[in-house]
Each structure stands twice: as C-alpha cells, then as structure tokens.
Amino acid sequence: MRLRNLSLAVFSLTFLSVTLVSLTAIAQPSTPFHFTPTDISAEPNIFFYKIGASWPMNHYANPDYANPTIIVDNNSATIIMIVSLAKDVYFPAGFGTIMNAGGYLTEVTYNASWLGNRNITAYSGTSQSYLKLPLTDIPYGKQTIQVYATCNVLLYNNFPTDTSAYPVPQYANSIITFNVASSIQTPIPPGPTPTQVPSIQPIPAGSVYALSAAAIVVIALIAFVVAKKTSHKP
C-alpha cells in the first residue's frame, strides 16, 4: 500500500513538473532566428545601357559583352546606369529562396575615367529601391566606370505568424570598360602636290637642218674674216 502511494506521489510530481515547464515555455515566446549578411545572397543589381538598347552592356548574354562600343554622330555619348534590388533572396545553406518583405537602397556611389575618377555619390537614403541615372557628355575613347551600391533587404521575423521585418545589409560592386567612337570617318588629309617637272620636247628634224646650215654659214664667215686679216699682214 505504501509502495503504491509512493508511486502515485512520484507520478504526480513528474506531471506537475512537466506542466510547469510547458507553461513557462508558452509564457516566454522563443526568439526568432535572424539571418546575417553572410547567410543570404541578395546583392543589388547594377547595369549599364546604351541609349535605346534593351540589353545591358555588362550583361553576359549581350553579344557585345566582351567589348562594348558606343557609336555616336556627335561629340559625346550618354549611358544609363540602373541600380535596383535583387528580385530573389537566396539562402545558399538551404538551397532555396527566402520569403522577403522587399527592401531599399542605402547608397550608390561611382567614379568614372572621364570625370577624373573622383568619387561621386549618386544616392543616399532609405526611400528608393530603384535608381535610374543618365551619365552624359562621355568623350571619345576608352572609358571606365566603377559603381558601388549598398541596400537593406527586409526579411520576415516569422512568416506567416509574424510579418514584422528586420533589415539585412547587402552590397555590390561593378566595373565596366567601354569605347566611344564616332560614326563619321575622319578624312585623310591630302599629301603635298608633287612638283611638276617640265618635259623636254624633241626638236623637229627641219629645225635641226636649219640650225646646222646656219652654223656652217657662221663658221665659214668667221674663217673668211680670219683668212682675210691674215693675208694683209706684212
């Protein structure tokens, strides 16, 4: 009888302990898991377009990807720089994508060869998720531009039970080299005009005979005069 009462008491204490632990766990909600910047892959997209082109110059699917060239018929070129958030957030360790609440760009800076490679801030804030910026007055020749962009990706704390979100910083760096050329061929300057050498015209045969006869007459006349002077000497 005592053994039975002891077993009942142990069972009651065990049940009470489990119940208290369960109630404590319910009363204290667990902290949601938060990803760090190195856990995910969602860097901003950075692309450059020619005017009127549908494919980015720095996209691997572009036929001119290896050597982009801009042909213009005036004194300079314009390109369009577009920076946007990634469409999907990848979780490499889980081999999949993560449900996210969007995000926003935090900063976009660039430096360009035709602007002395000085650092220029194109955007700084928390209100934009897409930036489209024309870069104008790019002169002829080989040019380079480098862009650095940062953003915050918003991930749900515990979707769908908790749709509040927390930011995860991401960044991207892109550089492109391209050439600006003129559609008008530069004319080759003419070389110096060669000096005209007067051609020697042959003397007609009749003139040769007349000159020969005149020479004979002159020589004979000179000989006659010389002979006459000689004959008068004592």
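Right above here is the structure, for reference.
Just so it is clear, the structure is predicted and the values come from calculations on it, not from any experiment. (Residues numbered from 1 in each chain as written. Predicted model: local features only at pLDDT ≥ 70, side-chain atom pairs only at ≥ 80, totals over all residues. Heavy atoms only, no water.)

Draft legend 1. Representation of the sheet that holds strand β1 (residues 45-50) in the model. If you walk across this open sheet you meet the three strands as β1-β3-β8, and the pairing is antiparallel. Among the strands making up the open sheet, the edge pair consists of β1 and β8 (130-138). Neighbour to neighbour, the strand axes of the sheet diverge by 20 degrees on average, direction disregarded. Note: strand β3 (residues 77-84) against β8, seven bridges, orientation antiparallel. Counterpart to Val83 in the pairing with β8 is Leu131. (Pairing = 2+ DSSP bridges. Helix = DSSP H or I, 4+ residues; strand = E, 2+ residues; numbered from the N terminus. Axes fitted to C-alpha atoms, helices over the stretch in contact; angles between N-to-C directions.)

Draft legend 2. Broad picture of unusual backbone geometry. Note the cis peptide between Phe159 and Pro160, where omega equals 5 degrees. Assignment of secondary structure puts Pro160 in the loop between β9 (141-158) and β10 (162-182). Of note, the phi angle at Asn117 is positive, near 60 degrees, even though the residue is not glycine.

Draft legend 3. Local environment of the environment of Ser129. Within the element layout of this structure, Ser129 appears in the loop between β7 (120-124) and β8. Counting along the chain gives 46 residues from Ser129 to Val83, while the straight-line C-alpha distance between them is 8.3 Å. Filtering out sequence-adjacent residues up to four positions away, Ser129 remains in contact with Val83, Ser84, Leu85, Gly103, Tyr104 and Leu105. (Contact = heavy atoms within 4.5 Å.)

Draft legend 4. The layout of surface pockets, seen in detail. Estimates place the volume of the largest pocket at around 240 Å³. Lining the largest pocket are Ser41, Ala42, Glu43, Pro44, Asn45, Ser84, Leu85, Ala86, Lys87, Asp88 and Tyr90. A breakdown of the residues in the lining of the largest pocket according to their chemical character gives five nonpolar, three polar and three charged. (1 Å grid on protein atoms, 1.4 Å probe; cavity = no way out; pocket = protein on both sides within 12 Å on 5 of 7 lines; lining within 4 Å. Points joined across faces, edges and corners; volume = space filled by probe spheres on them. Nonpolar A, V, L, I, M, F, W, Y, C, P; charged D, E, K, R; others polar.)

Draft legend 5. Examining the environment of Asn62 more closely. Mapped onto the secondary structure, Asn62 falls in the loop between β1 and β2 (69-72). Those residues within four positions of Asn62 in sequence are excluded, and the remaining contacts are Trp55, Pro56 and Met57.

Draft legend 6. The arrangement of the pattern of salt bridges in detail. Summed over all chains, the structure comprises one salt bridge. For Asp64, the salt bridge goes to Lys50, with nearest N and O atoms at 3.8 Å. Pair noted here: Asp64 is in the loop between β1 and β2 and Lys50 is in strand β1, with a separation of 14 residues, a long-range link. Asp64 gets classed as partly exposed once you look at its relative accessible area, which sits at 38%. (Salt bridge = Lys/Arg side-chain N within 4 Å of Asp/Glu carboxyl O. Buried < 20%, exposed > 50% of the residue type's maximum accessible area, 1.4 Å probe, protein only.)

Draft legend 7. Local environment of the nonpolar core. Counting residues in each nonpolar core, the largest one holds 37 residues, and the members touching the most others are Phe48, Ile79, Val108, Ile145 and Leu155. Apart from residues no more than four positions distant in its own chain, Phe48 is found in contact with Pro56, Met57, Asn58, Ile79, Ile80, Met81, Ile145, Val147, Ser174 and Ile176. (Core = buried A, V, L, I, M, F, W, Y, C linked by side-chain atoms within 4.5 Å.)

Draft legend 8. Seen up close, the packing of aromatic side chains. Enumeration over the complete set of coordinates arrives at five aromatic pairs. Relative to Phe35, the ring of Phe33 lies with its centre 5.1 Å away and its plane at 80 degrees, an arrangement referred to as edge-to-face. Take Phe33: its relative accessible area is 56%, and that puts it in the exposed class. Between Phe35 and Phe91, the ring centres sit 4.8 Å apart and the planes meet at 70 degrees, which makes this aromatic pair edge-to-face. You can see Phe35 sitting in the loop between α1 (2-27) and β1 and its partner Phe91 sitting in strand β4 (residues 90-91), a full 56 residues away along the chain. Look at Phe91 and you get partly exposed, because its relative accessible area is 24%. (Phe/Tyr/Trp six-rings, centres within 6.5 Å; stacked < 30°, edge-to-face > 60°.)

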